[in-house]
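Coordinate analysis (summary)
Next come the chains, spelled out residue by residue.
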Amino acid sequence: MINSKDFTKRLQKIIHFYGLSASSFADKIGVQRSSISHILSGRNKPSLDFVMKVLSSFPEVDLYWLLN
């Protein structure tokens, strides 16, 4: 089971590392801006599709680091 709080911290690290805003990050990976907002706030958990979009847009991000 994925720890949403840790996932959110890692997602924020990715966004900060690339100097993106949450909305530009959403545009880059191809999801709605509200999806990013809900995940970052802890309202929603990331779907497998969301994780795969992050990994395909940022191939240097390690799957195991992102999830664990």
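Summarised in this report is the structure supplied together with it. Just so it is clear, the structure is predicted and the values come from calculations on it, not from any experiment. (Residues numbered from 1 in each chain as written. Predicted model: local features only at pLDDT ≥ 70, side-chain atom pairs only at ≥ 80, totals over all residues. Heavy atoms only, no water.)

1. Observations regarding the environment of Lys 53
Basically, it comes down to this: For helices the rule is a DSSP run of H or I covering at least 4 residues; for strands it is a run of E covering at least 2, with both sets numbered from the N terminus onward. Contacts are residue-level and defined by heavy atoms, with any inter-residue pair within 4.5 Å sufficient.
Note that Lys 53 resides in helix α4 (residues 48-57). Filtering out sequence-adjacent residues up to four positions away, Lys 53 remains in contact with Ile 29, Gly 30 and Val 31.

2. Comments concerning the pattern of salt bridges
Heads up, the rule is: A pairing counts as a salt bridge when a side-chain nitrogen of Lys or Arg comes within 4 Å of a carboxyl oxygen of Asp or Glu. The classification of residues rests on relative accessible area computed with a 1.4 Å probe and restricted to protein chains. Under 20% of the type maximum is buried, over 50% is exposed, and intermediate values are partly exposed.
Evaluation of the coordinates by the stated rule reveals two salt bridges. With a shortest N-O distance of 2.8 Å, Arg 33 and Asp 27 are connected by a salt bridge. Classification of Asp 27 by relative accessible area gives partly exposed; the value is 46%. Between Asp 49 and Lys 53 there is a salt bridge, with the nearest N and O atoms lying 3.6 Å from each other.

3. Examining the side chain of Thr 8
Tracing the backbone shows Thr 8 in helix α1 (residues 4-17). Residues contacting Thr 8, with those up to four places away along its chain left out, are Ile 39 and Leu 40.

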